[in-house]
Amino acid sequence: MTSIRRYLARTLMWVLATATLVAVTAAYLITDHELEEILDTQLSLHTRIVAGQIEADMPREAYARLAQRLDIPDHQARWYEDGSSQPESGDLPARLYHEEERKLTLGFWNADGSPRLLGAEWNDSGPFPAPQAEGFRWEVYDEQEWRVFSLYDTASQTWISMGLRHEFQSEIAERVALNNLIPLLVLLPLLLWLMGRIIRRGLAPISALSGQVQGRGARDLRRIETRVPRELQGLRDSLNDFIARLGETLERERRFTADAAHELRTPLAALRIHLDNARAGDDVSLAKAHVGVERLQRVVEQLLVLARLDRPGEPPAHTGPIDIYPIVAELLADFWPLAHARGQHLEVLGLTRLKVQADSVEMGILLRNLLDNALRYTPDAGCVDVELSRHQGRPQLIIRDTGPGIPDALLDKVTERFRRASDQRTTGSGLGLSIVLELARRQHAWLSLTNRQPHGLEVRLVWETPGVPG
């Protein structure tokens, strides 16, 4: 479909033409059927009236007069006197005559089927066939189809038939159909013009909505406020939702690019200074440069993870029932050398088997970021505990540390990108908790941060759905 307007115009035109043809055809068929019923009634009634006028000993003069009454111009009725085929001679009196009388005629036969008196139209090709039974029948005579009603009068031992040409009925039905068709043909141009106006008016809201979208600049993300019919409100609202999501995505990308550029600029500048100092012979600067490289590497890794998570509608790669205890144990083994070097105590508590619906890779990234933050902000000789348990039948994971905690004013904001806690002496990118929050949402888990007394932080991860048995 290249054009809705052309499609509707062509379709409605064909529908209108088809409806007109069907209406005219139906009018013809209905009229033809009703006419047949009416004319059959007329034939039957008139035949019975004529039969009532015939007497058993009706004189020959009466038949002669009746034959004269049935004559039409250029056609004479025939009275077969004593079985002969000669008509009565004599001058025909002037009388009123209608051309349609040629389509209606009357005939009489003796009991043995021999003709007694036949109307003018039933003599052109020999006598009209005698009736064989009472009632209605179709008869073809002289290449004309006749509708005939026959009746036998026992008193006069006479067969009486009255017939009507079928073309008379057909002509009336055709006139009725034509009279229905002509007004439609006369009104057709007006109907086509009105149809075009209706289509243009009906499609005007679509054109207006299209113009609103087409006429916008690349950075114009305003809502579409054009009033539209009820059928287009869903489309308009969907476009507005898309524009809103697009605006959020562009704003997030702009903010992410600006923040990432700022966050990468600082370690790169510091790294260059340390390397310049190291080239000048300062051995301490070389160690600081190494720390700067580690921080830069961590920022890049976090940015790559965040970029993957920022893809719209990106689902977890392989969601399924997994036991998170082995993941926790493996991560604790990885972090143990770092914790041991600082005299920190690492311990896993609670259940030794806890299954959840999650992606194992993303779960590993989530727990690694939580443990890395906990160890990073916990002072030397501090403690970091990981507890696996259930809360109201739902699996939960709790990480407690003995670090400085987070100021209450920042508890709701610390999960924002590049937002860091109060201890700025600890290296970090400010992306760890934002990644944790995004991964928790993807794993259908609820994340909460709570300060402990007298100091420390408790991170609680509770899954929304009950755990997998086993």
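Analysis parameters
Residues numbered from 1 in each chain as written. Predicted model: local features only at pLDDT ≥ 70, side-chain atom pairs only at ≥ 80, totals over all residues. Heavy atoms only, no water. UniProt positions renumbered as here; feature names shortened; annotations may be inferred. Pairing = 2+ DSSP bridges. Helix = DSSP H or I, 4+ residues; strand = E, 2+ residues; numbered from the N terminus. Axes fitted to C-alpha atoms, helices over the stretch in contact; angles between N-to-C directions. Contact = heavy atoms within 4.5 Å. Buried < 20%, exposed > 50% of the residue type's maximum accessible area, 1.4 Å probe, protein only. pLDDT = per-residue confidence, 0-100. Phe/Tyr/Trp six-rings, centres within 6.5 Å; stacked < 30°, edge-to-face > 60°. Salt bridge = Lys/Arg side-chain N within 4 Å of Asp/Glu carboxyl O. Expected span 1.5 Å × (residues − 1). Left-handed = near helix turned anticlockwise from the far one by under 90°. Nonpolar A, V, L, I, M, F, W, Y, C, P; charged D, E, K, R; others polar.

Taking an unreviewed UniProt entry as the reference, the protein chain is identified by name as histidine kinase belonging to Modicisalibacter xianhensis. The UniProt entry for the protein chain carries the following text under Subcellular location (unreviewed entry): "Membrane". UniProt's Catalytic activity (unreviewed entry) comment on the protein chain is quoted here verbatim: "ATP + protein L-histidine = ADP + protein N-phospho-L-histidine."

Enquirer: I'd love a proper account of the sheet that holds strand β12 (residues 445-451), names of residues and values included.
Expert: If you walk across this open sheet you meet the 5 strands as β8-β10-β11-β13-β12, and the pairing is mixed. For this open sheet the edge positions go to β8 (345-350) and β12, each flanked by a neighbour on one side alone. Taking the axes of each pair of neighbouring strands and ignoring which way they run, one obtains an average angle of 15° across the sheet. By the bridge criterion, 6 bridges tie β8 to strand β10 (residues 383-391) in an arrangement that is parallel. Bridging from a neighbouring strand, L346 pairs with V384 of β10. Contacts between helix α6 (residues 324-341) and the sheet are confined to β8, β10, β11 (394-401) and β13 (457-463), with β8 contributing the most and set at about 165° to the helix. Most of the contacts of helix α7 (residues 360-377) go to β11, to which it runs at about 25°, and overall it touches β8, β10, β11 and β13.

Enquirer: Describe the UniProt feature "transmembrane region" (unreviewed entry) in the protein chain, listing the residues and the values that go with them.
Expert: Taken from the UniProt record, the annotation "transmembrane region" (unreviewed entry) applies to residues 12-30. Helix makes up 100% of residues 12-30 and strand 0%. Its end C-alpha atoms lie 26 Å apart.

Enquirer: How would you explain the sheet that holds strand β3 (residues 115-118) if you had to name every residue and give the values?
Expert: In sheet architecture, strand pairing relies on hydrogen bonds along the backbone and comes in two forms, parallel and antiparallel. If you trace the 6 strands from one edge of the open sheet to the other, you get β1-β3-β2-β6-β5-β4, paired in antiparallel fashion. The open sheet has two edge strands with one neighbour each: β1 (78-79) and β4 (135-141). Of the pairings in the sheet, the one linking β4 to strand β5 (residues 144-153) comprises 7 bridges and is antiparallel in character. Looking at β5, one finds that Y141 is bridged to Q144. Each of β1, β2 (104-110), β3 and β6 (158-165) is contacted by helix α2 (residues 60-70), which is oriented at about 40° to β3, the strand it contacts most.

Enquirer: Account for the environment of V414, with residues named and values stated.
Expert: Relative to the helices and strands, V414 resides in the loop between β11 and α8 (432-442). Here V414 falls in the buried class, since its relative accessible area comes to 4%. Each C-alpha atom, one on V414 and one on S434, is 7.8 Å from the other, the two residues being 20 residues apart in sequence.

Enquirer: I'd like to hear about the confidence of the model for the protein chain, residue by residue, with values.
Expert: Per-chain confidence: the protein chain averages 80 in pLDDT, with 83% of residues scoring 70 or above. Per-residue pLDDT stays below 50 along residues 82-90; that stretch engages in 10 contacts with residues further than four places along the chain or on separate chains.

Enquirer: Describe the packing of aromatic side chains, naming the residues involved and giving the relevant values.
Expert: The tally for this structure, following the rule as stated, stands at 7 aromatic pairs. When the centroid spacing of 6.0 Å and the interplanar angle of 40° are considered together, the rings of W109 and W122 count as tilted. Taken together, the residues span a long stretch of sequence, with W109 in strand β2 and W122 in the loop between β3 and β4 at a distance of 13 residues. Of the two residues, W109 and W122, both sit in the buried class. One aromatic cluster in this structure is built from W109, W122, F128, Y141 and W146.

Enquirer: Break down unusual backbone geometry for me, with residues and values.
Expert: Glycine aside, residues mostly have negative phi angles, and peptide bonds mostly take the trans form. Residue P454 follows Q453 across a cis peptide bond; omega there is 5°. With respect to the helices and strands, the residue P454 is situated in the loop between β12 and β13. Phi angles above zero are rare outside glycine, and E143 is one such case at about 60°. Summarising the element assignment, E143 is placed in the loop between β4 and β5.

Enquirer: Explain the pattern of salt bridges to me, and be specific about the residues and the numbers.
Expert: By the definition in use, this model includes 15 salt bridges. A salt bridge links R236 to D237, with the shortest nitrogen-to-oxygen separation between them at 3.6 Å. According to the relative accessible area criterion, R236 is buried, its value standing at 17%. Given a relative accessible area of 34%, D237 falls into the partly exposed group. Notably, a salt bridge pairs R460 with E458, separated by 2.8 Å at the nearest N-O pair. Judged by relative accessible area, E458 falls into the buried class, the value being 14%. Bridged by salt links that share partners, the residues E387, R400, E458 and R460 form one connected network.

Enquirer: Which residues make up α7, and what values do they have?
Expert: With 18 residues, α7 should reach 26 Å at 1.5 Å per residue; the first-to-last C-alpha distance of 26 Å fits that figure. With 13 of its 18 residues buried, α7 lies for the most part within the structure.

Enquirer: Give me the packing of α6 against α7: which residues, what numbers.
Expert: Contact geometry of α6 with α7 gives a least axis separation of 10 Å together with a crossing angle of 35°. In this structure, α6 crosses over α7, and the sense of that crossing is right-handed. Two secondary-structure elements touch here, α6 through I324, I327, V328, L331, L332, D334, F335 and A339 and α7 through S360, M363, G364, L367, R368, L371, D372 and L375. Classifying every residue of the contact of α6 with α7 gives 11 nonpolar, 2 polar and 3 charged.

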